[in-house]
Amino acid sequence: MIPLLSKTLTIPSLPLRCSTRLILTPNSLFTRFTSTPAPTETRPMSSDSTPRVFQLKLDPLTGNSEWVIIEDGNKEEEETFKSSSNALLATTSYLDMLNDDTRNRAFREAIDKTITKPCHVLDIGAGTGLLSMMAARAMGTCDDSKKGMVTACESYLPMVKLMRKVLNLNGMGKNVKIFNKRSDELQVGVDIPSRADVLVSEILDSELLGEGLIPTLQHAHDMLRVDNPLTVPYRATTYGQLVESTFLWKLHDLSNNEEEASDSIRLAPAGLDTILHVKAKQHPMHCDAISKEINLLSEPFKIFEFDFWKRPDSQRDSKLLIKATNDGRIHAVVSWWILQLDSEGTIFYSTAPRWITSPIATHTGNWCDHWKQCVWFIPGEGIPISKGEEVHLHAVHSDTSVSYNLATQATDIRECDSIAGDSLLTLSPERIAIYGDRKWRSCMSTALKNLLQARVHPLCVVADDSVFLSLLVAHLSKTSNVIALFPGLRERGVQYLKAVADANGITADHIEVFQKKKYLTLNDTKQKKVDLLIGEPYYYGNNGMLPWQNFRFWKERTMLDSVLAEDVLVMPCKAMLKACAMSLPDLWKSHRCLSKIEDFDHSIVNSTLGACGDLPPPLEGPLLPFFIWQCGETKELSETFTIMEFDFSKSIGPCYGKAQVEFTEQGMCHGFVLWIDWVMDAKNSVVLTTGPDERYWKQGVKLLSQPVAVGGRGLGTGYCCSTLIEAFFDPSSGELIVKHVWS
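These notes cover the structure that comes with them. Each chain has its residues counted from 1, following the order in which its sequence is written. The model is predicted, so local features are restricted to residues of pLDDT at least 70 and side-chain atom pairs to those at 80 or more, both for listing and for counting; the totals for chains, interfaces and linings are taken over all residues. To obtain the side-chain values, all non-hydrogen atoms of the structure were used and water was disregarded.

Further remarks concern the overall build of the protein. Per the convention used, a helix needs a DSSP run of H or I reaching at least four residues, while a strand needs a run of E reaching at least two, with both numbered from the N terminus. Looking only at helices and strands, one finds 14 helices and 40 strands in the protein. Here the protein holds 743 residues, and 58% of them are scored as buried. Taking the intrachain contacts of the protein between residues at least 6 apart in sequence as the baseline, contacts between residues at least 24 apart amount to 77%. Residue-level accessible areas treat just the shown protein chains as cover; the underlying method is Shrake-Rupley with a 1.4 Å probe. In the form shown here, the protein has an accessible surface area of approximately 30700 Å², with 48% of it arising from carbon and sulfur atoms. Here's how the labels work: a residue is buried when its accessible area is under 20% of the maximum for its type, exposed when over 50%, partly exposed in between, all with a 1.4 Å probe on protein chains only. We call two residues contacting when some pair of their heavy atoms lies within 4.5 Å.

In structure tokens form, the structure reads like this:
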């Protein structure tokens, strides 16, 4: 259901300009690749060409990548790529969306209400074809329904293949005509015989606009729809609310938060406080999870309204005067949207947080992950405000996003535009919070001081993208030589260090950034062996990956073996795979196996979309990354246990571990949550955990096929009291396989 992102065409043997969209998978990264001829290319595409898309497969342990071509109808290629394609689709939001009963019912009711006679229906971003089938069925109840037609437009080839299977399973293969194209490639008179009378689409993200809603509707209005068409949905309205939250503040204000640290390092020094910051955009987040930590400072206010039956403008602004309802400091704007699906205004769907009590923002109690609220951070420490005081809010939307400026009578407008500059680093909110966390920085500082006690003139290599460790080791050891590899930051890391070195009392020649693409050799170190190899570990761009995929540090350590001294000290020295059995009813429900959705059978997609449930053996649901604290209702059912350890003093290799788990709480077990504890020194005196209680890291989740009633011994029959967990780590792929046996 993602239009305008992945274009299929015959690929000419000429230069291409590319746009990419990263999609995270358990075992690799894939990039959806949009290819168009270079500006000088005028050669038309063949009308009978084989649809073809590129996917970029990235190895998380090496950072290396390769392009893979997916062609339609190539059976040999399809079998070869099947497992990787399934892994890709398993990490999209399709499964979670299809399990959203409230959404499905709302669209079905609106389509049945809107389509009352034979017509031409266009479904843009068709996904599995659910809305197309609803439209075809609605026309099937009309007189002379054979005059109607449904056109389904889906740009992503693996999803098109899946849609065909779903349509055929439901006997709808002849009722829906599929086009593996972007909607702006469809041509009336070439692909479709006439303009569409009805547009159905679900091309919405948490921000509403991020999947290309506006340009899609603009092109459809100009080229694909009749005048005054019927649409499902009919309208969308965005809302916002001013809030105070210390947690949200820590996710973006590094400059003020790191002032409390005792290490004297300043990643955002005075005068350069914007050099390292969070991107100015709306960040999706489950705000219900922090509702008790939020002080509401205003009533909800309407921001923008988008009518799907009109041609939308690419840019509009909205100027509002908002009265404060409480004293506090404005740290963020929390926003959401409400979808009106029918023209009469009787069918709605809302992404509002649960504290909103509007009649149309009704809540069914269902938790879902495909749509969240959004958070816009107010720069710096926020804006102080008193009850009754008025705030000027200026909202602007572009084709794909919304931004805000705020001011009171006592403050200037807080500009929201990104600050340009060669030295700027943009990191995730969680990474900013980690770098500003006093406890985390203290642990890193203690561990590094312990290592440096045994080294007088050390050569230290920072193997990952940690700008903090690069500055810290140079600060703590004035006689050290520091080489930062910065495999993800590269030139941006160089520019950043040059800008902040002087502010931290570090000479320009104290830290060298290794910028060659090959691995470090003794020629690069002037024949000196490396005494210290350190990392957090953290790799730029790995924000959504599974915890053990930061074992790239272990892989890097192995590849650098020839330049390491015999007594090299490695930090972290080892990692421990930790786990806990948990009740996760909301998460499990959103990823359970599909059966009938509004009477349309979707069981054929379960293994492809990574469902948990009654999958045919030996298929199992994948390990997926989540912020557990944002996963709705949760409960720990066992003590934390260690499954295996990874020794970074040795080269990377296969690992196996097991643990007998005793359940300490009674409840329904939906799966196991896994994470990594990093042991920073050989004495085990400094251990950094990334478990469920730590909000700045994602954990891995292994959902069970079916929930199991568990509890301590003595509860009688019907309860499991223990289970055996086994895990296997494959160093060639970075894949972790987890199995369990009930007892």
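Another aspect to go through is the packing of helix H3 (residues 101-114) against helix H4 (residues 130-140). Lines fitted to the C-alpha atoms define the axes, with helices restricted to the stretch that makes contact. Angles between their N-to-C directions range from 0 to 180 degrees. Interhelical geometry of H3 versus H4 gives an angle of 35° and a closest axis separation of 9 Å. Note on packing geometry: the crossing formed by H3 with H4 is right-handed. In this structure, H3 uses Arg103, Asn104, Phe107, Arg108, Ile111 and Asp112 to contact H4, whose residues at the interface are Leu130, Leu131, Met134, Ala135, Arg137 and Ala138. For any pair of crossing helices, the crossing counts as left-handed if the nearer helix is rotated counterclockwise from the farther one by less than a right angle, and right-handed if it is rotated clockwise.

The next thing to look at is the pairing of strand S35 (residues 655-662). Strand residues, when the strand is regular, have side chains that alternate between the two faces of the sheet. On S35, burial follows the alternation: Cys655, Gly657, Ala659 and Val661 on one face are buried, whereas Tyr656, Lys658, Gln660 and Glu662 on the facing-out side are not. Alignment of S35 against strand S39 (residues 722-730), held across 8 bridges, turns out to be antiparallel. Among the inter-strand pairings, Gly657 is bridged to a residue of S39, identified as Ala727. Two strands pair if DSSP finds at least two bridges between them.

Spatially, 3 strands are ordered S35-S39-S40 in an open sheet, and the strand pairing comes out antiparallel. What marks the edges here is a single partner per strand, and that holds for S35 and strand S40 (735-742). Each adjacent strand pair in this sheet contributes to an overall mean axis angle of 15°, direction not counted.

What follows is about the nonpolar core. Core analysis: the biggest nonpolar cluster contains 120 residues, and Phe551 and Phe646 have the highest contact counts within it. Beyond its immediate stretch of four places on either side in the chain, Phe551 contacts Leu61, Ala575, Phe646, Phe648, Ile676, Trp678 and Phe729. For the purposes of this section, nonpolar cores are sets of buried Ala, Val, Leu, Ile, Met, Phe, Trp, Tyr and Cys residues that join through side-chain atoms within 4.5 Å. By size, the runner-up hydrophobic cluster in this structure holds 86 residues, among which are Ala106, Met159, Phe301 and Leu609.

With that out of the way, let us pick up the packing of aromatic side chains. Put simply, two rings from Phe, Tyr or Trp (the six-membered ring, in Trp's case) pair if the centres are within 6.5 Å, and we call them stacked under 30 degrees between planes, edge-to-face over 60, tilted for the rest. Applying the stated rule across the entire model yields 26 aromatic pairs. Ring centres of Tyr234 and Trp309 lie 5.8 Å apart, and the angle between their planes is 25°; this geometry places the pair in the stacked category. Taken together, the residues span a long stretch of sequence, with Tyr234 in the loop between strand S9 (225-232) and strand S10 (235-244) and Trp309 in the loop between strand S14 (301-307) and strand S15 (316-323) at a distance of 75 residues. A relative accessible area of 22% means that Trp309 is categorised as partly exposed.

Glancing now at the sheet that holds strand S6 (residues 149-153). The strand order across the open sheet built from 5 strands is S7-S6-S5-S8-S9, with neighbouring strands paired in parallel fashion. Every interior strand has two partners, whereas the edge strands, strand S7 (176-179) and S9, have only one. Put simply, the sheet's adjacent strands are angled 25° from each other on average, direction ignored. Across 4 bridges, the pairing between strand S5 (residues 120-124) and strand S8 (residues 196-201) is parallel. Bridge pairing in S8 links Val121 to Val198. Across the sheet, H3 touches S8 and S9, and the angle it forms with S9 is around 140°.

It is worth spelling out helix H11 (residues 467-476) at this point. A large share of H11 lies buried, amounting to 8 of its 10 residues. Turning to H11, its buried residues number three or more, namely Val467, Phe468, Leu469, Ser470, Leu471, Leu472, Val473 and Ala474.

With that settled, the discussion passes to the pattern of salt bridges. What makes a salt bridge here is a side-chain nitrogen of Lys or Arg within 4 Å of a carboxyl oxygen of Asp or Glu, nothing more. Applying the stated criterion across every chain, the model contains 25 salt bridges. With a closest N to O distance of 2.9 Å, Arg441 and Asp263 form a salt bridge. In this pair, Arg441 sits in helix H10 (residues 438-452) while Asp263 sits in the loop between helix H8 (254-257) and strand S11 (276-278), placing the two residues 178 residues apart along the sequence. Of the two residues, Arg441 and Asp263, neither departs from the other in class, the shared state being buried. A salt bridge links Lys528 to Asp531, with the shortest nitrogen-to-oxygen separation between them at 3.6 Å. Salt bridges here are not isolated pairs; linked through shared partners, they connect Arg235, Lys302, Glu305, Asp307 and Lys310.

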